[in-house]
Amino acid sequence: MSELMELLYDYAREHGLSRYINQEDYQQLEDLESKSLSSLCRSLSAAQAEALETYQHTSYGQKQLELEAMFQAGFEVALKLHTL
């Protein structure tokens, strides 16, 4: 992503994203995720916990790339619609 697109993406994520997320649903899912992760971590050995942490880091990176790509695709569509 170009530096300009990164700035726009960061701005949209920080200032506009909450308008498009149902906060109640998001909070419920966040709470469930936290409880599930805590429960899982208590049952893991040190090696398994390390493997889980590696997985989470990798998964987060993948999701970030997907979000950035979706933002860029949406931006491109908006530009095309603007020129109609």
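Every chain is numbered on its own, with residues counted from 1 as its sequence reads. Residue-level local features of this predicted model are given only where pLDDT is at least 70; pairs of side-chain atoms are given and counted only at 80 or more, and the full residue set underlies all totals for whole chains, interfaces and linings. Excluded from the side-chain calculations are hydrogens and water; all other atoms, namely the structure's heavy atoms, are used.

## Focus: the packing of aromatic side chains
Ring pairs shown here join Phe, Tyr and Trp side chains whose ring centres sit within 6.5 Å, with only the six-membered ring taken for Trp; geometry is labelled stacked below 30 degrees between planes, edge-to-face above 60, and tilted in between. The final tally for this structure, using the stated rule, is two aromatic pairs. Aromatic side chains Tyr 9 and Phe 71 sit 5.5 Å apart centroid to centroid with 70° between the ring planes, which places their arrangement in the edge-to-face category. Taken as a pair, Tyr 9 in helix H1 (residues 3-15) and Phe 71 in helix H3 (residues 46-82) lie far apart in primary sequence, 62 residues in all. By relative accessible area, Tyr 9 is classed as buried at 6%. Helical segments are the DSSP runs of H or I of at least four residues, strand segments are the runs of E of at least two, and each set is numbered from the N terminus. Buried residues are those whose accessible area, probed at 1.4 Å on protein chains only, stays under 20% of the maximum for their type, while exposed residues exceed 50% and partly exposed ones sit between those limits.

## Section: the pattern of salt bridges
Any Lys or Arg side-chain nitrogen located within 4 Å of an Asp or Glu carboxyl oxygen qualifies as a salt bridge. One pass over the full model with this rule turns up three salt bridges. The residue Glu 66 makes a salt bridge to Lys 63 at a minimum N-O spacing of 3.9 Å. Within this pair, Glu 66 and its partner Lys 63 are both found in helix H3, separated by three residues, close to a single helical turn. Residue classification places Lys 63 among the partly exposed positions, given a relative accessible area of 42%.

## Comments concerning a nonpolar patch on the surface
There is a patch of nonpolar side chains on the surface, built from Leu 4, Leu 7, Leu 8, Phe 75 and Leu 79 and spanning about 460 Å² of accessible area. For the nonpolar patch, the secondary-structure elements that each account for two or more residues are H1 and H3. With three residues, H1 is the largest single contributor of residues to the nonpolar patch. The topology assignment puts Phe 75 in helix H3. A relative accessible area of 30% places Phe 75 in the partly exposed class. Any residue with relative accessible area above 30% and no salt bridge may belong to a patch, with like charges joined within 9 Å and the nonpolar Val, Leu, Ile, Met, Phe, Trp and Tyr side chains within 5 Å. Surface accessibility in these figures is a Shrake-Rupley result with a 1.4 Å probe; residues are shielded only by whichever protein chains are displayed.

## Thoughts on helix H2 (residues 23-42)
An α-helical segment advances 3.6 residues per turn. Residues three or four places apart therefore align on the same side. The terminal C-alpha atoms of H2 lie 28 Å apart, and with 20 residues this matches the ideal 28 Å at 1.5 Å per residue to within 8%. Each polar contact in these results corresponds to two N or O atoms within 3.5 Å; when the atoms are within protein, one needs to be able to donate a hydrogen and the other to accept it, and residues that are neighboring in sequence are counted only if both atoms are side-chain atoms. For H2, the N-terminal cap is Asn 22; the gap from its side-chain oxygen to the backbone nitrogen of Glu 24 is 3.1 Å. Any helix carries an expected span of 1.5 Å times its number of residues minus one.

## Some remarks on the environment of Glu 24
For Glu 24, the position within the fold is in helix H2. Each C-alpha atom of the pair Glu 24 and Glu 68 lies 24 Å from the other, and the pair is 44 residues apart in sequence.

## Digging into the packing of H1 against H3
Between N-to-C directions, angles span 0 to 180 degrees; the directions come from axes that are lines fitted to C-alpha atoms, helices contributing only their stretch in contact. Remark: H1 packs on H3, axes separated minimally by 11 Å, with the N-to-C direction vectors making an angle of 100°. Judged on the interaxial angle alone, H3 and H1 are roughly perpendicular. Contact residues: H1 offers Met 5, Leu 8, Tyr 9, Ala 12 and Arg 13, while H3 offers Gln 64, Leu 67, Glu 68, Phe 71, Gln 72 and Phe 75. Each residue receives one of three labels: charged for Asp, Glu, Lys and Arg, nonpolar for Ala, Val, Leu, Ile, Met, Phe, Trp, Tyr, Cys and Pro, and polar for the others, Gly being one of them. Within the contact of H1 with H3, the residues separate by chemical class into seven nonpolar, two polar and two charged. When describing relative orientation, an angle under 35 degrees is termed roughly parallel and one over 145 degrees roughly antiparallel, while 65 to 115 degrees is termed roughly perpendicular and anything else oblique. Here, residues are in contact when the closest pair of their heavy atoms is within 4.5 Å.

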